[in-house]
Amino acid sequence: MNFSEVFKHTNQLCRVSPDGKYLATCVQYRLVVRDVSSLQILHLYTCLDQVTCMEWSSDSQFILCAMYKRALVQVWSLEQPDWHCKIDEGSAGLVSSRWSPDGRHILNTTEFHVSAESGGVAPAARQLSLPLRVTVWSLCSKSVSYIKYPKACQKGLDFSRDGRYVALAERRDCKDHVSVFVCDDWQLLRHFETDTQDLAGVEWSPNGCVLAVWDTCLEYRVLLYSLDGRLLSTYSAYEWCLGIKSIAWSPSSQFLAIGSYDEKVRILNHITWKKLIEFEHPATVSNSKAVVYKEMERRHVGGCDDLTLHHQITLGGSLFNTQSKYEICPLPVQIPVVKPDPDRANPKVGISSMAFSVDSRYLATKNDNMPSCVWVWDIQRLRLLAVLEQTAPVRCFQWDPRRPRLALCTGSSKLYIWSPAGCISVPVPVEGSFPVQSLSWHSSGQALILLSKEHLCLCYLETEAERGDVASS
Amino acid sequence: MAESSLESSNMSCNSSRLMYPSRNHTHSSMPLSKQSYSVLSAFCSEGNITQCISYINQEMSSLGFPALCNELDSGGDLKAVSVLNNMYELLQLHRRSLRALEELETEQLKSASHLEHLKLCNSRLKEQLEQSRRESTGLCERERQLQMKVKSLQNCLKNEKEEVQKLQNIISSRASQYNHDMKRKEREFSKLKERLNQLLIDKKDKRLAIEVLNYVGRSDGKRSLWKTGKTEARNEGEMYQTLLNDYESRQKELLVENAELKKVLQQMKKEMVSILSPRKHSQKGETIDDSLELPGSENEEEVCDSSRETLELSCEHAREQLTNSIRQQWRRLKNHMEKLDNQASLVQNGSLGDNEVISRKSHEETVEKLKLEIQQCKDFIQTQQQLWQQQLSCPCDDETAALLNDCYMLEEKERLKEEWKLFDEQKKNFEKERRNFTEAAIRLGHERKAFEEDRAMWLKHQFLNMTPFLDRNKSQSALKSPEASEVTVAPESQYHNAFSTPKAAPAKIPSTADLYRTLRLLPDHGSPRSQPKNGNWQDSDVILSRDVSAKSGFLGAADCSIYSLVGTESSPN
């Protein structure tokens, strides 16, 4: 495992191009494009203001930089560095900007920010956000399309994996609707009303044939629509309680995992759309087949014999650097639980994030009232496989896009990787501390991008053969 | 009646006495009364004897005593006998009455104490009564209070219910109001949005624009098409195509899965049939209690055939038939398993102890046998060594012997083989003969001697064959014989004798190394081949080093757990 030198970034804006060749980072108003292998700067673009959003086009040809405050979007080309494009959304507020799957259209969601001073509608200095429309700008022609009535919600817009369709949540006449557009020519394919109180999100199945629609957290309801707008099934686990918090499709489109506020994950199958199994997240793990890895921290004492001199020099900067390793806890294990504040909105309880591994064999989940734990479930055997108990709350976890291994970070200067063979904790050998706030995999699965608040660093993982060596030792 | 009358008379007597004040009630002692009589003596004096007598007489008669004197002659001569009798009777009466009195007094005392006790009891009971009365009143009071409370609580509940109802009403009304407001607001919003949109369009927001240096081509290289009905139809078609593809692939998957399941089902069925059918055949003959299951087994094959057909058909009816047959067979299998379980448990309980004992015994026996064999083998080795020594005691020196050995090796081998065959035959004959001999020994004791002579002859012949001086090869074959026959018989003493005779020959005894050399187990010192010892060392060395490496590898593995090792190793860059 090797680590690159450290680069600066702002706003966590650091993306690898879809073809895996380039790394784009934003530093204030500058956009830096590097070669991933050599980390040499290839291009440097200067935007008009501090960038708040940056995205690669699907063909890795263009980079979109959005400046929401100024309602501006700038597009840069890799092939023609002097080519430029600027989109001004005018007086409407820009809230979201993204590429269409073909990489030639930009979808801008605009809102009107109505404040007490300007509009005089509300007596208090309260801001009302009115999702106004989605503007589709084309880079190929002068055509501009508008999509009216978009709904501002958890996930109101979703492109199908093959990039042919886009589903958009709409609100018309106090009723939720979903529109399906063909991305090729932005033609409305289907438009249907959904039986939801307050639609919270839409998500395509990876094969693009089923659209999952879920209701707001006040109501547990998942609706599954076919591409042609037929309602396939409705699922509701319970009533009168806070409902769905997150949703995840397995890459095989075979399972739909629903994480809810009752600290459970329910998995639906793709044939009957009935519940296959319910994964609980108990405070005491007593399942004899699960392995609980507990991160144990020990203070780094100077002159530790397993570190070379070089390490001591590199680590010497931080005196209180701690080393940590995993230990397998004998069952049953008590997991620390944080009691949520009942008086605050969006209580910190329930399954907030879930992710399937690329082979759909494993599911990683995080329960918000057990913030320091990541649970890994075996989907083949439908049981708990491992629990990773960290010393700090888990910030981010992501599966390797190629292999079933999970990388996670906790805001400490360490990187943690789980694989079915075991669990490792690697300190980031950077001068000073490097609290890893978030991470993302390179599409080849051979590198990881680690982001701290202002810096980023690449972590190169060994190839398969090397990995085998390590595993066998 | 007589007694009662007596009693009454006594009473009257008492009462009459009571008239006299001197009379003491409690202590009525005779001397005292006498004294009183003497002191007072008012009743009778010299003067009034006759009156007294008549009076007494009257009294006596009235009391039913015989008269003291004749009534007729009132002169008054007393009849002494009757007086004395009367006196005696009176005294008796007196004494009896006294006793009665005493008894009565004790009775009275007893009754008095009883009375006292009863009184005490009474008072206590009264107290209890009082107390329980008080308690009951207290309880009554409490009950009343509780009832009051219940009433008040009921009132409260009623109020609360009303309140809840009210609140619910309020909530629902507010909810509806909220919903209404929401809708209104949303409508307002939408209107506002419309207006804003309109305004934007009317105003022609100048800032709303796109600046592109030059338009780029589509990613697929094609030119964009005009939106027409045709494209719409094409989109629809494509959509249905993708859906169809998805369904098709899913159907294919399901088909594969179905086929696999069917295969498994069929296999299971086949296996079930194969498990069940032989049992049926075997049990048909021996048991009658299986007769209930027999009809099932008879149509089993038919069912099996039909199921095979149904698997291909896979229509509803066939499926039912299939599942039914499977279920039926499964039930039968279960019954069978249960029965087997029962049997197994019975057998286990019955013969567990026996088996163990037997096995241990046999084990010990075999150990004994093996020990014996080892002993025999050792003996044979010893005798062999001795033989070799004798053989080597011939005049030629070691090297020539080795050479000779070399020369003879192949020939010897051939001959040995032949002789081995011969010997085997001989052995067989011998054993046959031995068997005959034992049988004959039992049956025909007298023939034994002749047979022994025969055997002695045979042995002699063999011994002659064995002697190294006659024929080396023959001796070798003979030498092998004990080894071969060691298990069957052990006529050790004879062999010992046979081997011990040549031992007496005066010869220099060669070392075992020489023996090895002659046996070609050990190469000559002069030969360029590596010494076996050395080779051994090398071998052991290799093993040792391997051991070490294995150990170090193990240690390494122990040292570095997957977690810590990778973590520390991978950190350098």
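Residues numbered from 1 in each chain as written. Chains lettered and ligands numbered in written order. Predicted model: local features only at pLDDT ≥ 70, side-chain atom pairs only at ≥ 80, totals over all residues. Heavy atoms only, no water.

Asks: Looking at this model, I keep getting lost on the overall build of chain B. Mind explaining?
Replies: The number of helices and strands found in chain B is 15 helices and one strand. Counting contacts in chain B only where the partners sit at least 6 residues apart, residues at least 24 apart contribute 62% of the total. Of the roughly 44300 Å² of accessible surface on chain B, a fraction of 57% belongs to carbon and sulfur atoms. (Helix = DSSP H or I, 4+ residues; strand = E, 2+ residues; numbered from the N terminus. Contact = heavy atoms within 4.5 Å. Areas by Shrake-Rupley, 256 points an atom, 1.4 Å probe, with all protein chains shown as cover.)

Asks: So what exactly am I meant to see when it comes to the overall build of chain A here?
Replies: Summing up its helical and strand segments, chain A has two helices and 40 strands in all. Looking at chain A as a whole, 58% of its 473 residues are labelled buried. A separation of at least 24 residues holds for 46% of the contacts in chain A among residues at least 6 apart in sequence. (Buried < 20%, exposed > 50% of the residue type's maximum accessible area, 1.4 Å probe, protein only.)

Asks: I tried to follow the sheet that holds strand 15 (residues 165-172) of chain A on my own but got confused; where do I start?
Replies: All names here are of chain A. With antiparallel pairing, the four strands of this open sheet are ordered in space as 14-15-16-17. Because the sheet does not close on itself, it has two edges, and the strands there are strand 14 (157-159) and strand 17 (187-193). Taken pair by pair, the neighbouring strands of this sheet meet at an average axis angle of 20 degrees, ignoring direction. The pairing of strand 15 with strand 16 (residues 175-182) spans eight bridges and is antiparallel. Each bridged residue has a counterpart across the sheet, and for Tyr165 the counterpart in strand 16 is Val182. (Pairing = 2+ DSSP bridges. Axes fitted to C-alpha atoms, helices over the stretch in contact; angles between N-to-C directions.)

Asks: Can you walk me through the sheet that holds strand 40 (residues 455-460) of chain A in this structure?
Replies: What links the strands of a sheet is backbone hydrogen bonding, and the strands pair in either a parallel or an antiparallel sense. All names here are of chain A. The four strands are arranged 1-40-39-38 in an open sheet whose pairing can be described as antiparallel. Edge positions in the sheet fall to strand 1 (2-8) and strand 38 (438-441), since each has one partner strand and no second. The average angle at which neighbouring strand axes cross in this sheet is 20 degrees, direction not considered.

Asks: Would you mind going over the environment of A:Gln197 with me for this structure?
Replies: Residue and element names in this part refer to chain A. Assignment of secondary structure puts Gln197 in the loop between strand 17 and strand 18 (199-204). For Gln197, a relative accessible area of 51% corresponds to the exposed category. Each C-alpha atom of the pair Gln197 and Leu218 lies 8.9 Å from the other, and the pair is 21 residues apart in sequence.

Asks: I would appreciate a short explanation of the UniProt feature "coiled-coil region" (unreviewed entry) in chain B in the present structure.
Replies: Within this numbering scheme, the UniProt entry marks residues 115-202 and 244-271 of chain B as carrying the feature "coiled-coil region" (unreviewed entry). In residues 244-271 of chain B, the share of helix is 100% and the share of strand is 0%. The end C-alpha atoms are 40 Å apart. (UniProt positions renumbered as here; feature names shortened; annotations may be inferred.)

Asks: Would you mind going over the pattern of salt bridges with me for this structure?
Replies: Opposite charge on two side chains lets them pair, provided their charged atoms get close. Residue and element names in this part refer to chain A. All told, the structure shown has 31 salt bridges over all chains when counted by the stated rule. Between Asp198 and Lys151 there is a salt bridge, with its nearest N and O atoms 2.4 Å apart. One end of the pair, Asp198, is in the loop between strand 17 and strand 18; the other, Lys151, is in the loop between strand 13 (144-148) and strand 14, and 47 residues separate them in sequence. The shortest N-O distance in the salt bridge between Asp228 and Arg230 comes to 3.2 Å. (Salt bridge = Lys/Arg side-chain N within 4 Å of Asp/Glu carboxyl O.)

Asks: Sorry if this is basic, but what is going on with the confidence of the model for chain B here?
Replies: As a general rule, the predicted coordinates of low-pLDDT regions are not to be interpreted in detail. Residues and elements named next belong to chain B. Model confidence for chain B is summarised by a mean pLDDT of 70, while 58% of its residues fall at 70 or above. Mean pLDDT across the secondary structure elements of chain B bottoms out at helix 15 (residues 562-569), with 38, and peaks at helix 4 (residues 80-203), with 90. A low-confidence stretch, residues 1-36 (pLDDT under 50), is modelled with 20 contacts involving residues beyond four sequence positions or located in other chains. Note that residues 522-573 has pLDDT below 50 and, in this model, 39 contacts with residues that lie over four places away or in other chains. The complex prediction reports pTM at 0.58, with the ipTM value standing at 0.74. (pLDDT = per-residue confidence, 0-100.)

Asks: Would you explain the nonpolar core in this entry?
Replies: Nonpolar side chains in soluble globular proteins generally cluster together in the buried interior. Residue and element names in this part refer to chain A. Grouped together as the largest cluster of nonpolar side chains are 35 residues, with contacts concentrated most on Val178, Leu211, Val222, Leu224, Leu256 and Ile258. Sorting elements by how many residues they give to this core places strand 19 (residues 210-215) first, with five residues. Among residues more than four places away in sequence, those in contact with Val178 are Ala167, Leu168, Arg190, His191, Phe192, Thr194, Leu199, Val202, Leu211 and Val213. Listed in part, the 23 residues of the second largest apolar core include Val265, Phe279, Cys329 and Ile379. (Core = buried A, V, L, I, M, F, W, Y, C linked by side-chain atoms within 4.5 Å.)

Asks: Looking at this structure, how should I read the side chain of A:Asp378?
Replies: Residue and element names in this part refer to chain A. Among the secondary structure elements, Asp378 is positioned in strand 32 (residues 373-378). One polar contact links the side chain of Asp378 to the main-chain amide nitrogen of Gln380, over a distance of 2.9 Å. If near-sequence neighbours (up to four positions away) are discounted, Asp378 is found in contact with Arg361, Tyr362, Arg383 and Leu385. (Polar contact = N/O pair within 3.5 Å; in protein donor to acceptor, adjacent residues only side chain to side chain.)

Asks: Which parts of the structure should I look at to understand the packing of aromatic side chains?
Replies: Here a ring pair, both rings aromatic, is described through the centre-centre distance and the interplanar angle of the planes. Residue and element names in this part refer to chain A. Under the counting rule described, the total for this entry stands at 18 aromatic pairs over all chains. Judged by centre distance (4.2 Å) and plane angle (10 degrees), the ring pair of Phe279 and Trp377 falls under stacked. Highlighted residues: Phe279 in strand 25 (residues 275-280) and Trp377 in strand 32, separated in sequence by 98 residues. With respect to burial, Phe279 and Trp377 carry one shared label: buried. An aromatic cluster of three or more residues is present, and its members are Phe62, Trp83 and Trp99. Taking NZ or CZ as reference, Arg30 lies 5.5 Å from the ring centre of Tyr29, over its face. When the ring centre of Phe7 is taken as origin, the NZ or CZ atom of Arg34, which lies over that ring, is 3.9 Å away. (Phe/Tyr/Trp six-rings, centres within 6.5 Å; stacked < 30°, edge-to-face > 60°. Lys NZ or Arg CZ within 6 Å of the ring centre and 35° of its normal.)

Asks: Just to check I follow, could you spell out unusual backbone geometry for this structure?
Replies: Residues apart from glycine generally show negative phi values, whereas peptide bonds are mostly found in trans. All names here are of chain A. Put simply, Leu331 and Pro332 share a cis peptide bond, and its omega is -5 degrees. Positive phi, close to 60 degrees, is recorded for Leu39, a residue that is not glycine. Checked against the element boundaries, Leu39 lands in the loop between strand 4 (30-35) and strand 5 (41-46). With a relative accessible area of 12%, Leu39 lands in the buried category. The backbone phi angle of Ser253 is positive, close to 65 degrees, even though this residue is not glycine. Within the element layout of this structure, Ser253 appears in the loop between strand 22 (244-249) and strand 23 (255-260). Relative accessible area serves as the criterion here: at 6%, Ser253 is assigned to the buried category.

Asks: Any chance you could explain the confidence of the model for chain A here in plain terms?
Replies: Residue and element names in this part refer to chain A. Residue-level pLDDT values for chain A average 84, and 88% of them are 70 or greater. Confidence, read as mean pLDDT per element, is least for helix 1 (residues 309-316) in chain A (43) and greatest for strand 31 (residues 362-367) (94). Across residues 302-320, confidence stays below pLDDT 50; counting only partners more than four residues off in sequence or on other chains, it has 15 contacts. Here residues 468-473 is a poorly scored stretch, pLDDT under 50, and it has five contacts once near neighbours within four places are set aside; other chains count.

Asks: Is there a simple way to explain a negative patch on the surface in this structure?
Replies: Together, B:Glu102, B:Glu103, B:Glu105 and B:Glu107 give the surface a local cluster of negative charge. Along the chain, the position of B:Glu107 falls in helix 4. (Patch = residues over 30% accessible without salt bridge, like charges linked within 9 Å, V, L, I, M, F, W, Y side chains within 5 Å. Lys, Arg positive; Asp, Glu negative; His and termini not counted. Charge placed at Lys NZ, Arg CZ, Asp CG, Glu CD.)

Asks: I would appreciate a short explanation of helix 3 (residues 49-63) of chain B in the present structure.
Replies: For the α-helix, the turn length of 3.6 residues means that residues three or four positions removed from each other point alike. Residue and element names in this part refer to chain B. The first and last C-alpha atoms of helix 3 sit 20 Å apart over 15 residues, in line with the 21 Å expected at 1.5 Å per residue. Listed in full, the buried residues belonging to helix 3 are Cys52, Ile53, Asn57 and Met60. Looking down the long axis of helix 3, one finds its buried residues gathered within 130 degrees of arc, a one-sided arrangement. Facing away from the buried side of helix 3 by over 90 degrees, the exposed positions are Gln58 and Ser62. (Expected span 1.5 Å × (residues − 1). Arc of directions from axis to C-beta.)

Asks: Sorry if this is basic, but what is going on with a positive patch on the surface here?
Replies: On the surface, a cluster of positive charge is made up of A:Lys175, B:Lys183, B:Arg187 and B:Lys191. The biggest single contributor to the positive patch is helix 4 of chain B, with three residues. Overall, the relative accessible area of 43% leaves A:Lys175 in the partly exposed class.

Asks: Got a minute to help me understand the pairing of strand 21 (residues 231-235) of chain A in this structure?
Replies: In summary, the side chains of a regular strand alternate between the two faces of the sheet. All names here are of chain A. With four bridges connecting them, strand 20 (residues 222-226) and strand 21 associate as antiparallel partners. When the bridges of strand 21 are listed, Leu224 appears paired with Ser233. Between strand 20 and strand 21, which pair antiparallel in sequence order, lie four residues; one of them, Gly229, sits at a positive phi of approximately 90 degrees.

Asks: Just checking my understanding: could you explain the pairing of strand 6 (residues 53-56) of chain A for this structure?
Replies: Residue and element names in this part refer to chain A. Bridging between strand 6 and strand 7 (residues 62-67) involves four bridges; their strand directions are antiparallel. Among the inter-strand pairings, Met54 is bridged to a residue of strand 7, identified as Cys65. Between the antiparallel neighbours strand 6 and strand 7 lie five residues, among them Ser60 with a positive phi of about 60 degrees.

Asks: How should the side chain of A:Ser246 be read in this particular structure?
Replies: Residues and elements named next belong to chain A. Checked against the element boundaries, Ser246 lands in strand 22. A relative accessible area of 6% places Ser246 in the buried class. There is a polar contact of 2.9 Å between the side chain of Ser246 and the backbone oxygen of Ile351. For Ser246, the residues in contact, after removing those within four places along its chain, are Ala257, Ile258, Gly259, Ile351, Ser352, Ser353 and Met354.

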